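# Descriptive structure summary
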Amino acid sequence: MAPRVTGEIYTAWVQRNGRIEWHPGVGFPDGALPLCCGTRDALKAYLRHRAFNGEFYAVPGMTDLMPDQQAFEAVEKLRVSLTGASKDLFSYYSGMNRRDVG
């Protein structure tokens, strides 16, 4: 069953150094990987629990010094745990299919 999001959809993405940001809409900047989409409140709550290091949001264990494959696997591990944790978080690709829904 598809998630039912009420309100604006946000996209969270990961920079190569592991930092996570999110902004309204469905999209992410060049040089970043999509993490997931969802409501602002859901992103904030679940990322705080799984990816807040006390200063900023970051993929656990990811650094800009690790090989690309390991970094990608760390992002995927976090993505799977987030999208499985809440009906208000879903994959970026699902967000692309729903970008005009809000």
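As a reminder, the structure under discussion sits directly above these lines.
Residues numbered from 1 in each chain as written. Predicted model: local features only at pLDDT ≥ 70, side-chain atom pairs only at ≥ 80, totals over all residues. Heavy atoms only, no water.

## Notes on the sheet that holds strand S4 (residues 89–90)
Reading across the sheet, the four strands line up as S2-S1-S3-S4 and stay open at both edges, with antiparallel pairing between neighbours. Edge positions in the open sheet fall to strand S2 (20–24) and S4, since each of these has one partner strand only. In the sheet, strand S1 (residues 10–14) pairs with strand S3 (residues 33–38) via five bridges, with the strands oriented antiparallel. Across the sheet, Val14 pairs through a bridge with Leu33, a residue of S3. In the packing of helix H1 (residues 40–51) onto the sheet, contacts are made with S1, S2, S3 and S4, and the angle to S2 comes to roughly 175 degrees. Docked against the sheet, helix H2 (residues 68–83) engages S1, S2, S3 and S4, running at close to 10 degrees with respect to S3. (Pairing = 2+ DSSP bridges. Helix = DSSP H or I, 4+ residues; strand = E, 2+ residues; numbered from the N terminus. Contact = heavy atoms within 4.5 Å. Axes fitted to C-alpha atoms, helices over the stretch in contact; angles between N-to-C directions.)

## Some remarks on H1
Taken together, the buried positions of H1 are Ala42, Leu43, Leu47 and Ala51. Mapping the buried residues of H1 onto a view down its axis gives an arc of 110 degrees, with all of them on the same face. Away from its buried face, by an angle of more than 90 degrees, H1 presents the exposed residues Asp41 and His49. (Buried < 20%, exposed > 50% of the residue type's maximum accessible area, 1.4 Å probe, protein only. Arc of directions from axis to C-beta.)

## Thoughts on the nonpolar core
Core analysis: the largest hydrophobic core is formed by 21 residues, its most contacted members being Ile20, Leu35, Leu43, Leu47, Val59 and Met62. Contributions of two or more residues to this core are made by S1, S2, S3, H1 and H2. With five residues, the single largest contributor to this core is H2. The residues touching Ile20, leaving out its near neighbours within four places in the chain, are Ala12, Trp13, Val14, Leu35, Leu47, Ala51, Tyr57, Ala58, Val59 and Leu78. (Core = buried A, V, L, I, M, F, W, Y, C linked by side-chain atoms within 4.5 Å.)

## Quick look at the pattern of salt bridges
Using the criterion set out here, one finds three salt bridges in the structure. Where Arg16 meets Asp68, a salt bridge forms, and the shortest distance between an N and an O atom there is 3.0 Å. In this pair, Arg16 sits in the loop between S1 and S2 while Asp68 sits in helix H2, placing the two residues 52 residues apart along the sequence. Under the relative-accessibility criterion, Arg16 is labelled partly exposed at 29%. What makes Asp68 exposed here is its relative accessible area of 56%. With a closest N to O distance of 2.8 Å, Arg79 and Glu76 form a salt bridge. Note that Arg79 and Glu76 are positioned in helix H2 at a spacing of three residues, about one turn of the helix. (Salt bridge = Lys/Arg side-chain N within 4 Å of Asp/Glu carboxyl O.)

## Here we look at the environment of Met66
With respect to the secondary-structure elements, Met66 resides in the loop between H1 and H2. In this structure, the C-alpha to C-alpha distance between Met66 and Asn17, residues 49 residues apart in sequence, is 9.3 Å. Beyond its immediate stretch of four places on either side in the chain, Met66 contacts Arg16, Gly61 and Ala71.

The values are spatial; any link to function lies outside them.
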